[in-house]
Amino acid sequence: MSDDSYELPVPASVLPNLRVAILGAGKMGGILLQAFLKNNLLLPDQLVATVQHPDRALALSAQFGVNVGTDNLAAAREADVILLGVKPIQVPALIAEILPALTPAKLLLSFAASVKTRSIEDAAGCDLAVIRAMPNTPALLSAGATALCSGRFVSPEQIALALRIFSTVGRSVVVDEKHMDAVTGLSGSGPAFLYIIIEALAEAGVNVGLPRDVATMLAAQTAYGSARMVLETGYHPALLKDAVTTPAGTTVDGILALEEGGLRATLINAVKRATERARELAAG
Ligand SMILES: NC(=O)c1ccc[n+]([C@@H]2O[C@H](COP(=O)([O-])OP(=O)(O)OC[C@H]3O[C@@H](n4cnc5c(N)ncnc54)[C@H](OP(=O)(O)O)[C@@H]3O)[C@@H](O)[C@H]2O)c1
């Protein structure tokens with residue numbers, strides 16, 4: 001190798017001085033891990049993650065070039081921000097395990113459904129900054145919707161940091177914690193409701209003679225485009241609906257069928273029922 005050879009400098013990450021641990025890098029934790037790396041939010045050496053099974057830890061380490069292990073306490077000690085991604089029922093045991101690492105200097109960001117910030121603060125036994133997040137699965141394509149809420153010891157800078165972290169997987173909003181069950185019912189469960197709507201529209205396309213692949217693409221792209229119209233124009237959905245609905249045209253006949261079938265009330269009930277279930281789970 002010649003003397004004048006040189007290595008390209010590694011570009012800095014967006015959050016260069018932050019060390020992050022993801023405890024429970026399963027489906028959702030894994031999505032976040034990949035998004036942080038892909039968007040250069042953090043470099044691999046700023047990240048550490050844990051899972052339960054050592055073989056999965058090895059596989060994830062190899063896949064992402066990140067230190068993935070099974071030692072939660074060591075991972076928590078190393079980190080400035082600890083993301084909690086285990087199942088809700090596993091949260092108390094995990095908090096007990098990492099207790100010696102929990103100090104007011106750390107930020108704990110939990111995305112375990114239905115686990116209240118207060119229960120984590122109480123278990124931590126110090127003025128720990130706890131932020132609770134409810135992301136959803138379209139986070140995989142950076143098209144997620146996440147709601148965040150603060151515990152009692154969170155600073156405006158820490159909530160801004162959490163918003164920055166979750167902006168790598170889509171849009172984020174801060175809500176009061178009392179709304180988190182409603183968020184779970186709307187955007188947490190919502191992808192499943194919308195898949196059913198897309199599936200039904202595609203089935204309808206097949207029913208009126210379209211090939212299934214064409215019908216599925218048209219249904220999904222129509223849902224995607226309509227969602228973008230709402231988000232990017234800022235117009236009320238009713239106004240956008242009116243723009244498609246010409247007098248005595250085709251759409252208004254379709255809308256009549258939707259109203260006869262009770263689609264609106266059915267969707268309202270679906271979100272209400274999912275919210276009630278989230279409330280039951282939160283109550284234990
Ligand atoms: N999936 C969603 O749509 C979604 C949306 C919003 C919120 N959430 C929340 O995200 C959390 C995880 O859900 P998920 O769907 O990602 O579940 P998941 O795929 O089962 O992930 C759970 C992960 O936790 C790991 N784990 C279990 N015990 C552990 C321990 N003691 N120490 C370290 N890691 C441990 C598991 O390890 P192994 O891989 O080795 O088993 C697994 O990787 C849940 O609290 C859920 O409420 C999920």
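Here the structure is a predicted model, which means the values were calculated and not measured.

**Considerations on the domain arrangement of the chain**
Along its sequence, the chain is carved into domain 1 (20-178) and domain 2 (190-283). With 5 residues of domain 1 at the contact, the number on the domain 2 side is 5 residues. A class-by-class count of the residues in the side of domain 1 that touches domain 2 yields 1 nonpolar, 3 polar and 1 charged.

**Some remarks on the site of the ligand**
Around the ligand, 27 residues are found, and the nearest of them are Gly 24, Gly 26, His 53, Ala 112 and Ala 113. Among the elements that make up the shell around the ligand, the one with the highest residue count is helix 1 (residues 27-38) (3 residues). Here the residues of the shell around the ligand are counted per class, giving 12 nonpolar, 12 polar and 3 charged.

**Observations concerning the packing of helix 8 (residues 190-207) against helix 9 (residues 212-233)**
Axis separation between helix 8 and helix 9 bottoms out at 8 Å; the angle between their running directions is 135 degrees. As summarised for this structure, helix 8 and helix 9 are arranged oblique, according to the angle between their axes. The interaxial crossing formed by helix 8 with helix 9 has right-handed handedness. Of the residues in helix 9, those in contact with Leu 194, Ile 198, Leu 201, Ala 202, Gly 205 and Val 206 of helix 8 are Arg 212, Ala 215, Thr 216, Leu 218, Ala 219, Ala 220 and Ala 223. Here the residues of the contact of helix 8 with helix 9 are counted per class, giving 10 nonpolar, 2 polar and 1 charged.

**Some thoughts on the pairing of strand 4 (residues 81-84)**
Along any regular strand the residues' side chains alternate between the sheet's two faces. Of the two faces of strand 4, both are covered, the one formed by Val 81 and Leu 83 as well as the one formed by Ile 82 and Leu 84. Sheet topology note: the strand 1 (residues 20-23)/strand 4 ladder contains 4 bridges and is parallel. Paired with Ala 21 across the two strands is Ile 82, which belongs to strand 4. The pairing of strand 4 with strand 5 (residues 107-110) spans 4 bridges and is classified as parallel. The residue bridging Ile 82 from the neighbouring strand is Leu 108, located in strand 5. Regarding the hand of the β-α-β motif, the stretch spanning strand 4, helix 4 (residues 91-98) and strand 5 is right-handed.

What counts, and at which threshold
Residues numbered from 1 in each chain as written. Predicted model: local features only at pLDDT ≥ 70, side-chain atom pairs only at ≥ 80, totals over all residues. Domains from an automatic or database assignment. Contact = placed C-beta atoms within 7 Å. Nonpolar A, V, L, I, M, F, W, Y, C, P; charged D, E, K, R; others polar. Near = placed C-beta within 6 Å. Helix = DSSP H or I, 4+ residues; strand = E, 2+ residues; numbered from the N terminus. Axes fitted to C-alpha atoms, helices over the stretch in contact; angles between N-to-C directions. Parallel < 35°, antiparallel > 145°, perpendicular 65-115°, else oblique. Left-handed = near helix turned anticlockwise from the far one by under 90°. Buried ≥ 20, exposed ≤ 12 C-beta atoms within 10 Å, placed from the backbone. Pairing = 2+ DSSP bridges. Right-handed = clockwise from strand over helix to strand, strands pointing away.

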